[in-house]
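What the coordinates show
Listed below, chain by chain, are the residues.
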Amino acid sequence: MSTTAIFVEKRNQVLCNVGLELISESKRLLDHNHKVIAIYLTSDIKDEEIVALSSAGADQIIIYQNDLFKVYDTAIYTKALEIIVKTYHFDCLLLGSTLLGRDLGPRLSARLHTGLTADATILAFETEDDDLRLLATRPALGGNLFATIICPKTKPQMATIRPGVFPVDFYENHQAELIYFNQELNVKSSVQVLNIEKTEKSHTDLTKAKLIVAGGRGVQNSFSTLKDIASLVGGELAASRAIVDQAIEPKDRLVGQTGTTVRPQVYLASGISGAIQHVSGMDKSELIIAINTDPEALIFDIADVSIISDANQVLPILKEELSHQHQHE
Ligand SMILES: Cc1cc2nc3c(=O)[nH]c(=O)nc-3n(C[C@H](O)[C@H](O)[C@H](O)COP(=O)(O)OP(=O)(O)OC[C@H]3O[C@@H](n4cnc5c(N)ncnc54)[C@H](O)[C@@H]3O)c2cc1C
């Protein structure tokens, strides 16, 4: 039976969604001849986290508890994962393409002498002669094409995958087998964490937004109206790169290949052309409404609702209508 393991990331001792996303996607793609295994490194075992991993689709959870896992340290985490991989010999190993995953993944793949595809956005598996093969797809050559990369000669086949790309499924009665991993961790880190100071959080997390009001170059002078609309519907403001490059909005509002990948319930795209680098970050949104003056704009290829019109005229009307509704609520 082949095995795909997912490193379950915790940040500030809280489970990150990306681990659940990767478990669910692997479960969706792999049939019953394959096992999806969550690797849960933690300083404290939380029942609700075990339940979350299990109901996201994990068949097994390897629980490795150690006080050393309280604060992320590359050397300690690499060593811990190295021991686990060398014990269980997974066919594939997936990590989130987060700050932590981007640090840990390459170091681990070098330690294990195996290949890694970084920053993938699409996953697929195929089986050849009973051998599981990972196909990880990512934007390549400046985003002008998508490359599917395979590293079949060494194991585990590794990839880091962007957060927010896959939905999390819930398998209500799914029970994962729990494996308590007790091996001693003999590792000396050259890093000593003296203190952790949090900076003021100005960062916007678009991945959690249910409603996104996004604007591009076509509405570059209407961002205050877009902001008002976003606030009236309780959503988040987002932008294309044309806007971020002009410093009209900060980078944490950028959607797309070099920004954030989002999948909200509603994505309103005003004055955005629909370049592949933008679309690859939002095309999984449940409902896409696009406003553009150009009937040939690429954004209309993926829009559920297409409004061929001047957004600078439509947006104030929409804002007024929403304010009106708001006052009567
Ligand atoms: C390596 C690389 C990575 C990139 N990464 C990203 C990324 O992460 N995110 C991203 O967004 N881009 C990214 N880009 C840039 C991307 O290729 C596009 O250039 C960018 O998305 C265009 O932004 P835009 O649609 O706002 O502007 P434009 O392409 O200029 O389009 C403006 C649109 O507004 C319409 N319009 C004009 N006036 C109006 C009006 N009054 N009302 C309604 N519509 C109007 C026009 O018809 C047009 O379709 C990347 C590019 C490269 C090379």
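Structure's up top.
Scope of this entry: the structure provided in the associated data block. (Residues numbered from 1 in each chain as written. Predicted model: local features only at pLDDT ≥ 70, side-chain atom pairs only at ≥ 80, totals over all residues.)

The next point concerns the nonpolar core. Residues Ile6, Ile23, Ala38, Ile39, Tyr40, Leu53 and Ala58 are the most contacted members of the largest nonpolar core, which totals 49 residues. Ignoring any residue separated from it by four or fewer positions in sequence, one finds alanine 58 in contact with Ile23, Val36, Ile37, Ala38, Leu53 and Ala176. Residues Ile243, Tyr267, Ala297 and Leu318 belong to the second largest nonpolar core, which totals 31 residues. (Core = buried A, V, L, I, M, F, W, Y, C linked by C-beta atoms within 7 Å. Buried ≥ 20, exposed ≤ 12 C-beta atoms within 10 Å, placed from the backbone. Contact = placed C-beta atoms within 7 Å.)

Moving on: helix H2 (residues 47-55). Among all positions in H2, only Glu49, Ala52, Leu53, Ser54 and Ser55 are buried. On its buried face, H2 sits against strand E1 (2-8), strand E3 (14-15), helix H1 (17-29), strand E4 (34-42) and strand E5 (60-65). Backbone geometry just after H2 places glycine 57 at a positive phi near 125°. (Helix = DSSP H or I, 4+ residues; strand = E, 2+ residues; numbered from the N terminus.)

The next point concerns the site of the ligand. Close to the ligand lie 28 residues; Gly216, Gly218, Arg241, Gly256 and Ser273 are nearest. Secondary structure elements with two or more residues in the shell around the ligand: helix H6 (241-245), helix H7 (276-279), strand E16 (287-292) and helix H9 (311-327). Of the residues in the shell around the ligand, the class split is seven nonpolar, 17 polar and four charged. (Near = placed C-beta within 6 Å. Nonpolar A, V, L, I, M, F, W, Y, C, P; charged D, E, K, R; others polar.)

Once that is clear, we can look at the packing of helix H5 (residues 223-232) against H9. Interaxial distance between H5 and H9 falls to 10 Å at its minimum, and their mutual angle equals 30°. It follows that H5 is roughly parallel to H9 by the angle criterion. The element H5 and its partner H9 pack so that their crossing is left-handed. Facing Thr225, Leu226, Asp228, Ile229 and Leu232 of H5, the residues of H9 in contact are Leu315, Pro316, Leu318, Lys319, Leu322, Ser323 and His326. (Axes fitted to C-alpha atoms, helices over the stretch in contact; angles between N-to-C directions. Parallel < 35°, antiparallel > 145°, perpendicular 65-115°, else oblique. Left-handed = near helix turned anticlockwise from the far one by under 90°.)

Below, the discussion takes up the packing of helix H3 (residues 74-88) against helix H4 (residues 99-112). Interhelical geometry of H3 versus H4 gives an angle of 50° and a closest axis separation of 10 Å. In terms of orientation, H3 and H4 fall into the oblique class. Between H3 and H4 lies a crossing whose hand is right-handed. Packed against H3, whose contacting residues are Thr74, Tyr77, Thr78, Leu81, Glu82 and Val85, the element H4 presents Asp103, Leu104, Arg107, Leu108, Arg111 and Leu112 at the interface. Across the contact of H3 with H4, the residue classes tally to six nonpolar, two polar and four charged.

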